[in-house]
Amino acid sequence: MSGTRRARTLVAGIQSSLGAALALADRLEEQAAVLERGGPPAAAAVAAQGGPGRPAASNGPRDVDASLAQARMIARSGARGFAGASWAAPDWRHGPFGAEPAAAGGVRARFRPGLWQVGQVVIPPDDPGAPYSTVPLAVPLLDGRNLRIETVRARRAAAVDLVRGLLTRILAAVPAGRVRLVVYDPHELGAGLAGFAPLRAAGVASTTITTRARLEERLAELSAEVGRITVERLGGRFDSLREREDAGHGRPEPWLLLVLLGDPRLYEEGARSLSAVAAQGPACGVHVISIVQLAPLQTDPAGADDLDDVTPPDPDADDLRLDEEADSVADPLPNSVVFTAVELLADRPDWRGAQPGLWRTSLTGLLPVQLDPPPPPDLVTAVTRQVADAAAREASRPPGIAELLPGTLWESDSAAGVTVPVAQGPDGPVRLTFDDDTVHALVGGQAGAGKSTLLLDIVYGIAARYAPDQVRFHLLDFKEGLEFAQFAPGPADPFFLPHADTVGIESDREFGVAVLRAVREQMRRRAVAMRAVGARDLRGLRAADRSSAWPRVIVVVDEFQVMLTPMDEIAREGVAHLEVLARQGRAYGVHLLLASQTLSGIDALDSTAGKRGSIFGQFALRVALRTSISESRVLLSTANEAAGALAGVGEAIVNRRNGHPAGNELVRVAFPDPAVISRLRDRLATTAARSLPSVPQPRVFVGHAPAILDDNPVYRALDGRPAPAAIESAAAPIGDEPPAAIHADVSAAALSGAALSAAALSGAAQPAAAQPGGDPLALVGVPVDLAPAAVGARLAASPGRHLAVLGPLRREAVGMVQAAAASIAAQLPAGGLVAEIVAAEPTALGAAEILAERMRRAGHPVRVADVTGLRGVLAAAADETRARENAALAGTGGPAPPLRLVVVFAMDAGRAALEVRDPQSRRTGLDDLRTVTRRGPAMRVHLVGWWRGVSRMVEDLGPVNRDDIAVWAAAGVPGSDLFAMAGHRPVAGGTMPNRAVLFDRHTQSEPRTVVPFAPMVRG
Ligand SMILES: Nc1ncnc2c1ncn2[C@@H]1O[C@H](COP(=O)(O)OP(=O)(O)O)[C@@H](O)[C@H]1O
Ligand SMILES: [Mg+2]
């Protein structure tokens, strides 16, 4: 071979192997061209070791030397460190292996694979007898190509040595855990790469595959994996993960090497999978290394292939001959660097007489290659041990959520289901799916095991993948944890999750049940819509009616057992809703995601036989974090104790088979790094602002937040006329509403301690719904429900229409009395109200005065008195009542007189004064009070009075007249004290601070829990 030809061949080889160094190779080519023409090389063409600009030698052989020098340099610079160091180099004694590249200048370096040295290209001398020269040969693998080694039986060991050396270099160089191995080894049953065994325990290598059937399965999985990466990561915008990484998107997937230590002789499906993986895998970081044993053409026609020793004679065995035409076997591996033992080339003129033991490679043309010696066994052991340890350490660090988030927001479609990766498992990211098979999911684990964190991963992961018209959330949190607060707008951060319909933080049980009730109602509306178009499920509905998006609805309830404990009316209703949602959710695209630290102690599920089964039987998907063995049995299945053995935070068993032990997958739940989440929130906010400027805010309920009258939309909408009846009757449709109905601006009040109803607001704004001349509504608080935004007592001109505030909780009582009186004042035109306020107890005087000031500002005359004025105020109100009655009887009434309102703080403190009999009129204060309560309303004389105990009020009214006040709101009164007052109904709520229970004998069938309006502040 002439010098120029050798140079040309070498250059061709280098070019094909060095994508990154192509510029350099171009220059080499230029030089070769010049050589061919016999002219001197361009001055700048050769960089050699001397750097650019150094004049190159001008005669042929010396130019070849320069080319060789340059080729050596390329190999060296392409295969740095462990990728190229000779086994004797000191690097191999020091390690560390599998380490992240050292930071340079404070910047964390990223590992980027280059070339891997495997041997030497042998370059024959020009003069026979002169020594051979060599150039290191380094091959592209990770992010490059596949590798196929064609060998004869006698050289198989050398082929395996080549693989062993390569794997040692790769394991040592790549940060631990970033490369995974899958080995197929049918002959030696794992012995071929025995030195790498410790990698299995660390999850770096999977169990060696020894059968074709298992390999076929694995290939199908790999092919699907490559498909997923292609769609999810490359997404038509990048040709490879490397390109994507270069564009600044990080490296989300580990490299994966499929090592085939024998030809599995795949057919059809299996062969197609392998071919697909080989073709598209390298772009996705998946590479195949394959050793195939062939029979040399002609020299061994019977076939020395020892595959025949273990597999029956194969009709296609002839395919395993080297094919002259294709220059390879009949089913070559696409996208590969091919090494061929020269023994297989005995019939090729170019290779006849080649020295046995050398290799032809697809990189080096006609130049043979001599492989490097294999790594010493103790070196392999050292590398493997260290990498296994490092990988195990790495695996015990929580995976981050960054790698699980999509590059582009909102690209997925929820028609068939919703899928979200939330954890890492032995085979990479682990996805949870809400679809027709796994409709609902249950998350369990003891306190601190990571349940709420997993819920955050799920919610953010779904919100990143699916647009708000694809998935809607109801997010309910029943524990002190404030995790879900981040989905609602707050004073510090206006961000809200555009996918959220409702957010309940420290939710009341009633609020949770109200949300379930509303979702059930939504399901009913979907049923109607489905009937209308003849659809049988959500997918059918979406296909038939494209006018609406019909999103999937996911109800997330953290610590849901709180909602169902104790066993009372609320729990009973909650269980009933859960059961219906669990059973029918599939058809309507409604999914439950329930989390709890205990599933064993929920009375509401056990007291009714079969409820537990009929609800949780529908939960195919279970995620069990660390918990007790007994909880594991309840959460997964009676025979499944796996969750009891979990050790760390975030370690979990994912099970998609209703908890059956065979379905256990051990995973590590991703940790939602605050920095990553913060960036995601920014992206969500910007994208929502751009594409969905009118997306409604979620309805927010914050358990501990007070209700502020001045922020309340119902109160703010009062304009001197009685509040329309629509406010009380407003149901709260959620989801699937025409966009026009959800435009009301509820932002200002979103965190005011109240569920807000946009529907109630739009109702309030409709003049048609208002009743001119109707009765004012004395607002006391915000119901623990989705709607309306405020509730109270209608002060109609009929018996019983007074409001009693009951109970010892001063804050709550004062706030309700003030709100009731102030809201009445805001519904009557100037002159339409005359009010007298009595603070029967000195400490209430301030509250009385603040209230009076507010009512006067609305244009009404208001007088304030202390306990000494109580007698007089009641006497005057009683007189007024009688006078109006007389005028009505006489028909001299004229136009309607103003509404007369008596407001008394701490009525019971005035008891002594009320008992005194007036010497002239012979009446006591109690007589006057009873005149007002019994006969006042018909004459538009109404009372808003606060008694600090129920029995005090009953005594004041007289036991038989208890019902003369038809509406009461109690704060801090035990349910047993209210039983009779509530028409012999059990009363559950209203005993906690910041809660009250409201009952209107005329309009309500059940007492209703409310958040009382907070006391007014001056100014
Ligand atoms: N996957 C995880 N990786 C790392 N830390 C976690 C993970 N999950 C939870 N943690 C941490 O553990 C603590 C408890 O988690 P949390 O989700 O509140 O548990 P739970 O809701 O089960 O009580 C938190 O401080 C959280 O940061
Ligand atoms: Mg929690």
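**Side note on the overall build of the protein**
Broken down by element type, the protein carries 29 helices and 30 strands. Taking all 1019 residues of the protein together, 55% fall into the buried category. Taking the contacts inside the protein whose residues are at least 6 apart along the sequence as the reference set, 75% of them involve residues at least 24 apart. Split by element, the accessible area of the protein, about 40300 Å² in all, is 54% carbon and sulfur.

**Things to note about empty space enclosed by the protein**
If you walk through the whole model with that rule in mind, you get five cavities of 30 Å³ or more. Around the second largest cavity sit Trp87, Gln117, Val118, Asp161, Leu162, Gly165, Leu166, Arg169, Asp372, Pro373 and Pro374, which together line it. Elements with a contribution of two residues or more to the lining of the second largest cavity: strand E1 (115–123) and helix H5 (156–173). Among the elements that line the lining of the second largest cavity, the one with the most residues is H5, at five residues. When the residues that make up the lining of the second largest cavity are grouped by side-chain class, the tally is six nonpolar, two polar and three charged.

**What to know about helix H9 (residues 268–280)**
Between the first and last C-alpha of H9 there are 18 Å, a value that for 13 residues agrees with the 18 Å anticipated at 1.5 Å per step. Looking only at H9, the buried set comprises Gly270, Ser273, Leu274, Val277 and Ala278. Down the axis, H9 shows its buried residues gathered within 125 degrees of arc, on one side only. Of the exposed residues in H9, those oriented more than 90 degrees away from the buried face are Glu268, Glu269 and Arg272.

**A short note on the packing of aromatic side chains**
Applying the stated criterion to the full structure yields eleven aromatic pairs. Following the ring pairs from residue to residue traces out a cluster consisting of Phe82, Trp87, Trp92 and Phe97. Over the ring of Trp87 we find Arg169, and its NZ or CZ is 4.4 Å from the ring centre.

**Regarding the pairing of strand E16 (residues 590–596)**
Extensive coverage of E16 is indicated by the burial of seven of its seven residues. Of the two faces of E16, the one lined by Val590, Leu592, Leu594 and Ser596 and the one lined by His591, Leu593 and Ala595 are each fully buried. Where strand E12 (residues 441–444) meets E16, four bridges bridge the pair, whose relative direction is parallel. Residue pairing across strands places Leu442 opposite Leu594, the latter belonging to E16. Looking at chain direction, strand E15 (residues 552–558) and E16 are connected through six bridges and run parallel. Within E16, the position partnered with Val556 by the bridge is Leu593. Once you follow E15 into helix H15 (residues 569–588) and on to E16, the crossover reads as right-handed.

**Quick word on the site of ligand 1**
In the vicinity of ligand 1 there are 15 residues, among which Gly448, Lys451, Ser452, Thr453 and Val669 approach most closely. With respect to ligand 1, the side chain of Thr453 contributes an N or O atom lying 2.5 Å from an oxygen atom. Val669 is positioned with one of its backbone polar atoms (N or O) 2.8 Å from a nitrogen atom of ligand 1. For ligand 1, the accessible surface in isolation is 550 Å², of which the surrounding protein chains cover 73%. No other element matches helix H12 (residues 451–465), which puts three residues into the shell around ligand 1. Here the shell around ligand 1 is composed, by residue class, of seven nonpolar, six polar and two charged.

**Re the sheet that holds strand E10 (residues 417–425)**
Backbone hydrogen bonds are what pair the strands of a sheet, in a parallel or an antiparallel way. Strand order in this open sheet of eleven strands is E11-E10-E19-E18-E17-E12-E16-E15-E13-E14-E20, and the pairing throughout is mixed. This sheet does not close on itself; its edge strands, each paired only once, are strand E11 (428–435) and strand E20 (699–702). Here the strands of the sheet are splayed against their neighbours by 20 degrees on average, with no regard to which way each runs. Relative to E11, E10 runs antiparallel, the two sharing eight bridges.

**Comments concerning the environment of Leu404**
Tracing the chain through its elements places Leu404 in the loop between helix H11 (377–396) and E10. When its relative accessible area of 2% is taken as the criterion, Leu404 is described as buried. For the pair Leu404 and Glu253, spaced 151 residues apart in sequence, the C-alpha to C-alpha distance is 9.6 Å. Look past the residues within four positions of Leu404 in its chain and what remains in contact with it is Pro421, Val422, Ala423, Gln424, Pro429, Arg465 and Ala670.

**Details of H15**
Under the 1.5 Å per step criterion, the end-to-end length of H15 is 27 Å for 20 residues, consistent within 8% with the ideal 28 Å. The largest bend in H15 is about 40 degrees, located at Ala582. Along H15, the positions that sit buried rather than exposed are Ile570, Ala571, Gly574, Val575, His577, Leu578, Glu579, Val580, Leu581, Ala582, Gly585 and Tyr588. Turning to H15, the residues buried within the fold contact helix H13 (509–533), helix H14 (538–544), E16, helix H16 (603–606) and helix H17 (611–616). Measuring from the backbone nitrogen of Ile570 back to the side-chain oxygen at the start of H15 gives 3.1 Å, which picks out Asp568 as the cap. Residue Gly589 follows H15 closely and has a positive phi angle near 70 degrees.

**Points about the sheet that holds strand E27 (residues 941–947)**
Pairing is mixed in the open sheet, where ten strands are placed in the order E22-E21-E30-E29-E28-E23-E27-E26-E24-E25. If you trace the sheet from one side to the other, it starts and ends with strand E22 (791–794) and strand E25 (862–866), each paired once. Neighbour to neighbour, the strand axes of the sheet diverge by 25 degrees on average, direction disregarded. Summarising the sheet, strand E24 (residues 833–839) and strand E26 (residues 899–905) pair through seven bridges and their orientation is parallel. Among the inter-strand pairings, Val838 is bridged to a residue of E26, identified as Val904. Each of E24, E25 and E26 touches helix H24 (residues 845–857); the most contacted strand, E25, lies at about 175 degrees to it. Running at roughly 155 degrees to E26, helix H25 (residues 867–890) makes contact with E24, E25, E26 and E27 of the sheet.

**Quick notes on the packing of H13 against H15**
Between H13 and H15, the shortest axis-to-axis distance is 9 Å and the interhelical angle comes to 35 degrees. Judged by the twist between their axes, the crossing of H13 over H15 is left-handed. Classifying every residue of the contact of H13 with H15 by side-chain character gives 14 nonpolar, four polar and six charged.

**Observations regarding the pattern of salt bridges**
For the structure shown, the criterion picks out 53 salt bridges. Across the pair Asp928 and Arg923 runs a salt bridge, and its minimum N-O distance is 2.8 Å. For Asp928, a relative accessible area of 1% puts it in the buried group. One continuous salt-bridge network, built from bridges that share partners, spans Arg110, Asp143, Arg242, Glu245 and Arg251.

**What to know about the packing of H25 against helix H27 (residues 925–935)**
In the contact formed by H25 and H27, the axes pass within 8 Å of each other and the chain directions differ by 45 degrees. The orientation of H25 relative to H27 falls into the category oblique. When you trace H25 past H27, the crossing you get is left-handed. Side by side, H25 and H27 meet where Arg871, Leu874, Ala875, Ala877, Ala878, Thr881, Arg882 and Glu885 of the first sit next to Gly925, Asp928, Leu929, Thr931, Val932 and Arg935 of the second. For the contact of H25 with H27, the per-class residue count stands at six nonpolar, three polar and five charged.

**Overview of the pairing of strand E13 (residues 471–477)**
Walk down a regular strand and you will see the side chains alternate between the two sheet faces. In terms of burial, E13 is a largely internal element, seven of the seven residues being buried. Residues Val471, Phe473, Leu475 and Asp477 line one face of E13 and the alternating positions Arg472, His474 and Leu476 line the opposite face, and both faces are buried. Sheet analysis places E13 next to E15, joined by seven bridges and oriented parallel. Across the sheet, residue Val471 finds its bridge partner in E15, namely Arg552. With four bridges joining them, E13 and strand E14 (residues 500–505) adopt parallel strand pairing.

**Observations concerning the confidence of the model for the protein**
When pLDDT is averaged along the protein, the result is 84, and 84% of the positions lie at 70 or above. Within the model, the stretch residues 38–59 combines pLDDT values under 50 with 31 contacts to residues more than four positions away or in other chains. Across residues 737–772, confidence stays below pLDDT 50; counting only partners more than four residues off in sequence or on other chains, it has 71 contacts.

So, how was this worked out
- Residues numbered from 1 in each chain as written.
- Chains lettered and ligands numbered in written order.
- Predicted model: local features only at pLDDT ≥ 70, side-chain atom pairs only at ≥ 80, totals over all residues.
- Heavy atoms only, no water.
- Helix = DSSP H or I, 4+ residues; strand = E, 2+ residues; numbered from the N terminus.
- Buried < 20%, exposed > 50% of the residue type's maximum accessible area, 1.4 Å probe, protein only.
- Contact = heavy atoms within 4.5 Å.
- Areas by Shrake-Rupley, 256 points an atom, 1.4 Å probe, with all protein chains shown as cover.
- 1 Å grid on protein atoms, 1.4 Å probe; cavity = no way out; pocket = protein on both sides within 12 Å on 5 of 7 lines; lining within 4 Å.
- Points joined across faces, edges and corners; volume = space filled by probe spheres on them.
- Nonpolar A, V, L, I, M, F, W, Y, C, P; charged D, E, K, R; others polar.
- Expected span 1.5 Å × (residues − 1).
- Arc of directions from axis to C-beta.
- Phe/Tyr/Trp six-rings, centres within 6.5 Å; stacked < 30°, edge-to-face > 60°.
- Lys NZ or Arg CZ within 6 Å of the ring centre and 35° of its normal.
- Pairing = 2+ DSSP bridges.
- Right-handed = clockwise from strand over helix to strand, strands pointing away.
- Near = heavy atom within 4 Å.
- Polar contact = N/O pair within 3.5 Å; in protein donor to acceptor, adjacent residues only side chain to side chain.
- Axes fitted to C-alpha atoms, helices over the stretch in contact; angles between N-to-C directions.
- Bend = angle between axes of the 7 residues up to and from the residue.
- Left-handed = near helix turned anticlockwise from the far one by under 90°.
- Salt bridge = Lys/Arg side-chain N within 4 Å of Asp/Glu carboxyl O.
- Parallel < 35°, antiparallel > 145°, perpendicular 65-115°, else oblique.
- pLDDT = per-residue confidence, 0-100.

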